[in-house]
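If you want the building blocks of each chain, they are given just below.
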Amino acid sequence: MTTAAGRGTLLATVLASGMVFLDSTVVNVALPRLGSELHATVADLQWTVNGYMLMLAAFVLLGGSLGDRFGRRRIFLLGVIWFTAASVLCGLAQGTGWLIGARFLQGAGGALLTPGSLSVLQASFHPDDRGRAIGAWSGLSGVSTALGPFIGGWLIDAFSWRWIFFLNLPLAVLVVLSALRWVPESRDEGVSRARVEGDRRQRFDVAGALLGALALGGLTYALIDATGRGFGSPPVWGSALLGLVAGVAFVLLERHRGAAAMLPTELFDSRLFSVLNIFTVAIYAALGGFTFFFSVYLQNVLGWSALLTGVALLPWTLLMLVGSARAGALSARIGPRLPLAVGPVVGAAGLLLLRRLSPGASYWVDVLPGVLLFGIGLTLVVAPLTASVLAAAADRFAGVASGFNNAAARAGGLLAVAALPLLVGLSGAAYQQHSALTGAFRAAMLWCAGLLLAGALMALLLIHRPPREAPPSQPCQTLPVSTPPRER
């Protein structure tokens, strides 16, 4: 940490992760503007968000494996360049199809980049400094997450929504130069030897990754398309059937592959691990649904600017940044059950307050209290949830357990953004109509609050203190579950 190489490596990983975090949060602020300029429907806006999340959720585990085998710095740099090129394509988009396709590519680049950031730190730093380096990465990445909506809102108002994507270009240049100058190459030598010796257990589980993507993609397409076509449409039920079949095939394949599986089924021998991941899906579904509707509602109904919308989102990310370590320490003392039960209740209270927003609402009186309650609720949940997931898995599965929980969080947000417009009856260009959007927003906040309360009940009845705490050396222990606050 005291050397130029250490500081340069930290700079590269923080800036690279910051790009991914920024594009995970700020796009929601840009949805009204890009929707108006590109004449987008609700389904187009859903795919703009979900295309990115789908690729990250489906391929993040595979991205980590590629780094272990072919070199962590090499795959990290490939992810940075891929992500940046896709970002430029997003900024140049002349239609919704172009933008959605570029967002899919961007998510694929993020799946290479995201696990690479932490694995580079883990492999590059001396063990005595590794914890400090990862802690610094977590804190500085949290700052980028908190500032993302604010900076993005300013760029949207001052220039165009396209600049939230072009911003990644100068950041990527700094990342590449820093990585080439300071980041050492590393790989898992055990994997490399097994590859030379032809060990079947070390082959990539590409089929598992593709089946996982098909399962999520089929269900997502069915939920989004059902809003316009209805469930009786052949494309809708056909894609739903494809998703279900792919999901079953994924489970059977992973069970058959055993030690070579991308997702070892032994993980789910732990009942607590399974419950915690279902809890994760519920909590992050509520978060994803809230962020999708809230930014659009503030701008299209309340008439707020993109900058003011970004400011409105700032308090809960700052609370996450400041309070997560304290929440983790509290959970270590008293166990995770109480924080994981109380946090969702507090968050649900905040959403119910925000549900009452109407034109003429005051930021200080009407918006801030609800946002603060929601932020306090998330702060109580994220760090205890991360530590509990890791502690519920065997040590040898720490990496894959962390990655799967990250994917579960993204899948929750993905399915919420796909399903909520269908559940609240919002389709076509109705998001530009005050009355239609107001009714949909209020119904969506009820659904999101219900998901949080369901999570609270699950925590109260089914979650207990793990039999052991995850070792302090596990890097993901200090980091949050997903991205909309920030990514591991």
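You'll find the structure just up there.
No experiment lies behind these values; they were computed from the predicted model shown. (Residues numbered from 1 in each chain as written. Predicted model: local features only at pLDDT ≥ 70, side-chain atom pairs only at ≥ 80, totals over all residues. Heavy atoms only, no water.)

So what exactly am I meant to see when it comes to the pattern of salt bridges here?
Under the counting rule described, the total for this entry stands at two salt bridges. Arginine 33 is paired through a salt bridge with aspartate 157; the nearest N and O atoms lie 2.7 Å apart. Highlighted residues: arginine 33 in helix α1 (residues 4–37) and aspartate 157 in helix α5 (residues 127–158), separated in sequence by 124 residues. In this structure arginine 33 comes out as partly exposed when scored by relative accessible area, which is 34%. Here arginine 162 makes a salt bridge to glutamate 37, at a shortest N to O gap of 3.0 Å. Of this pair, arginine 162 sits in the loop between α5 and α6 (163–166) while glutamate 37 sits in helix α1; the two residues are 125 residues apart in sequence, bridging distant segments of the chain. Relative accessible area serves as the criterion here: at 14%, arginine 162 is assigned to the buried category. Given a relative accessible area of 41%, glutamate 37 falls into the partly exposed group. (Salt bridge = Lys/Arg side-chain N within 4 Å of Asp/Glu carboxyl O. Helix = DSSP H or I, 4+ residues; strand = E, 2+ residues; numbered from the N terminus. Buried < 20%, exposed > 50% of the residue type's maximum accessible area, 1.4 Å probe, protein only.)

I tried to follow the packing of aromatic side chains on my own but got confused; where do I start?
Each aromatic ring pair is characterised by the separation of its centres together with the angle its planes make. On inspection of all chains with the given rule, the structure shows 17 aromatic pairs. With a centroid separation of 6.4 Å and 65° between ring planes, the pair formed by tyrosine 52 and phenylalanine 83 is classed as edge-to-face. Of the two residues, tyrosine 52 is situated in helix α2 (residues 42–70) and phenylalanine 83 in helix α3 (residues 72–91); the sequence distance between them amounts to 31 residues. Of the residues examined, phenylalanine 83 reaches a relative accessible area of 0% and is grouped as buried. (Phe/Tyr/Trp six-rings, centres within 6.5 Å; stacked < 30°, edge-to-face > 60°.)

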